[in-house]
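If you want the building blocks of each chain, they are given just below.
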Amino acid sequence: MKFRIKKEVFYEAVACASKAAAQRTPINILTAIKIEVTKDKIILTSCNSDFMLKFSIYPNKPKTSDNKDKSLSSFYVEEEGTVVVSKVLGDIIKKLPEEFIEILVEDGSQALIKSGHVRFSLNCLNSEDFVTYTKTPALHSFSITSLELKRIIKKVVFAAADDAQNNRIYLTGVLISFEDGFLKLIATDTHRLSLQKLALNIETSDFFLKDVVIPAKSLNELAKMLPDDQEVFFSFSNNQVVFKTSTLEFFSRIIEDKYPDLNYVIDIPFSTKFEVSRRLFIEAMDRAALLSKDAGEGVIECKITKDKFIINSYAEGLGGFYEEIDIICEGKEMMIAFDVRYMLDALRSLDDEDIVLCFSSPVKPIKVYGKTEDSNNVHIVVPVLTKCSVKQGA
């Protein structure tokens, strides 16, 4: 195998592929990248226990008829082939001095990387040991713009749990479903919940998407890789989902655990509601978080009156914080406590200038949404029980 390629083009592809390679494992093949080189394209593949990705490089300009003008294309292939090498390849490419690099594999044991007067050699791994996902026939598919997909993923993944709680693996995932012409994403770690809806131009009668739970970490990585200006084709089968653009194929496993019905939390009736500027509320929450963050806690107590939202927090050994925000409240007054960190995450994922906060009791979930977004972008924050809230909510 022998090819010549622009450094910046190859580095972008290797950096992307490296994100799927396993981070910490004594098995070298799981930290490797598979490179398949043909005259028409170069495919880089890597995978881990949650997802696999394939990144394709195509010539950015047509080669001349004699196929020898290497300067007109992003890469030039002299000999096709396949090689598997460590993802340290990305670190090497980043440090190379020249615009173009050359990679040569002669006997299959080492890959030689050349750039000007610089030479690196990397040991090759057995390509037969490289494990990839088996692509299964898609049951259904649809397309969405990459910008919209990135936007709704970022607005929901933060609410998923980092680790499984009491063997509830589904908490580490995002539920994706199709309902009444909307693509719906939900994530929760039991302390907060995020719901995002996006209208799709698909006839409901012609399309069915079963509920699938995808690891939140997989979706988070996908969002980082996607450009802003491409169409993404989303397809799913019984055991995997695939997101495909013109240069990227992203395969993710499906979490088999059944996701619970959370509509009862989202649709709970509320007795107290007020609107407030999102910017002002974020600034107030940021100030309230200062002392609680240093104390290793995030709980603040708040009082809702007819015309004030009063924040009161105290950190043992540090001091206290008090602030009043002018509001016009509909409903009854109450005391409530919550984790300010979860509230800030919800507020920062909203887009509207004005937001709505709804309460039913000091011991029941708080609903937060944008004034114009209504049910398409909803966040739930579970209150924290304190002596005052328990006494009032009893």
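Reading the values: rules and limits
Residues numbered from 1 in each chain as written. Predicted model: local features only at pLDDT ≥ 70, side-chain atom pairs only at ≥ 80, totals over all residues. Heavy atoms only, no water. Helix = DSSP H or I, 4+ residues; strand = E, 2+ residues; numbered from the N terminus. Buried < 20%, exposed > 50% of the residue type's maximum accessible area, 1.4 Å probe, protein only. Contact = heavy atoms within 4.5 Å. Areas by Shrake-Rupley, 256 points an atom, 1.4 Å probe, with all protein chains shown as cover. 1 Å grid on protein atoms, 1.4 Å probe; cavity = no way out; pocket = protein on both sides within 12 Å on 5 of 7 lines; lining within 4 Å. Points joined across faces, edges and corners; volume = space filled by probe spheres on them. Nonpolar A, V, L, I, M, F, W, Y, C, P; charged D, E, K, R; others polar. Pairing = 2+ DSSP bridges. Axes fitted to C-alpha atoms, helices over the stretch in contact; angles between N-to-C directions.

Draft legend 1. Region of interest: the overall build of the chain. Scanning the chain for helices and strands turns up eight helices and 26 strands. The buried share among the 394 residues of the chain stands at 49%. For the chain, long-range pairs separated by at least 24 residues make up 67% of all intrachain contacts whose partners lie at least 6 apart in sequence. Here the chain has roughly 19600 Å² of accessible surface; of this, 48% comes from carbon and sulfur atoms.

Draft legend 2. The arrangement of the layout of surface pockets in detail. The volume enclosed by the largest pocket comes to roughly 360 Å³. Those elements that place two or more of their residues in the lining of the largest pocket are helix H1 (7-18), strand S4 (51-57) and helix H4 (216-225). The element best represented in the lining of the largest pocket is H1, accounting for five residues. A per-class count over the lining of the largest pocket returns ten nonpolar, five polar and three charged. Space inside the second largest pocket adds up to approximately 310 Å³. What lines the second largest pocket is a set of 19 residues, among which Leu175, Asp211, Lys258, Tyr259 and Pro260 lie closest to the centre. If you list the elements that add at least two residues to the lining of the second largest pocket, you get strand S11 (173-179), strand S12 (182-188) and strand S14 (212-215). Looking at the lining of the second largest pocket, the element that brings in the most residues is S11, giving three residues. Residues of the lining of the second largest pocket, tallied by class, amount to nine nonpolar, two polar and eight charged.

Draft legend 3. View of the environment of alanine 289. Positionally, alanine 289 belongs in helix H6 (residues 278-294). A residue is classified by how much of its surface remains accessible, and alanine 289, at 11% relative accessible area, is buried. With 50 residues separating them along the chain, alanine 289 and aspartate 339 place their C-alpha atoms 9.1 Å apart. In this view, alanine 289 contacts Val340 and Leu344; residues no more than four positions away in its chain are not counted.

Draft legend 4. Inspection of the sheet that holds strand S5 (residues 75-79) at higher detail. An order of S5-S1-S7-S8-S9 is seen for the five strands of this open sheet, with the pairing classed as antiparallel. The sheet is open, and its two borders are formed by S5 and strand S9 (118-123), each paired with just one other strand. With direction set aside, neighbouring strand axes in the sheet form an average angle of 15°. Two strands pair when backbone bridges link them, and strand S8 (residues 110-115) and S9 are joined in this way by six bridges, in the antiparallel orientation. Note that in S9 the partner of glutamine 110 across the bridge is asparagine 123. Of the strands in this sheet, strand S1 (2-6) and strand S7 (100-105) are in contact with H1, which crosses S1 at around 100°.

Draft legend 5. A look at the sheet that holds strand S13 (residues 192-199). Pairing within the open sheet is antiparallel, and its nine strands lie in the order S14-S11-S12-S13-S26-S25-S24-S18-S22. Of all the strands in the sheet, just S14 and strand S22 (329-331) have a single pairing partner and so form its edges. Averaged over all adjacent pairs, the angle separating strand axes in this sheet is 20°, with direction ignored. Sheet analysis places strand S18 (residues 272-277) next to S22, joined by three bridges and oriented antiparallel. Its bridge partner lying in S22, threonine 272 is registered against glycine 331. Lying on the sheet, H4 is in contact with S11 and S14; it crosses S14 at an angle near 70°.

Draft legend 6. Fine view of the pairing of strand S26 (residues 377-381). S26 sits mainly inside the fold: five of its five residues count as buried. Residues Asn377, His379 and Val381 line one face of S26 and the alternating positions Val378 and Ile380 line the opposite face, and both faces are buried. Relative to S26, S13 runs antiparallel, the two sharing five bridges. When the sheet's bridge partners are listed, arginine 192 is paired in S26 with valine 381. As paired elements, strand S25 (residues 366-370) and S26 share four bridges and run antiparallel to each other. Bridge assignment links lysine 367 to a residue of S26, and that residue is isoleucine 380.

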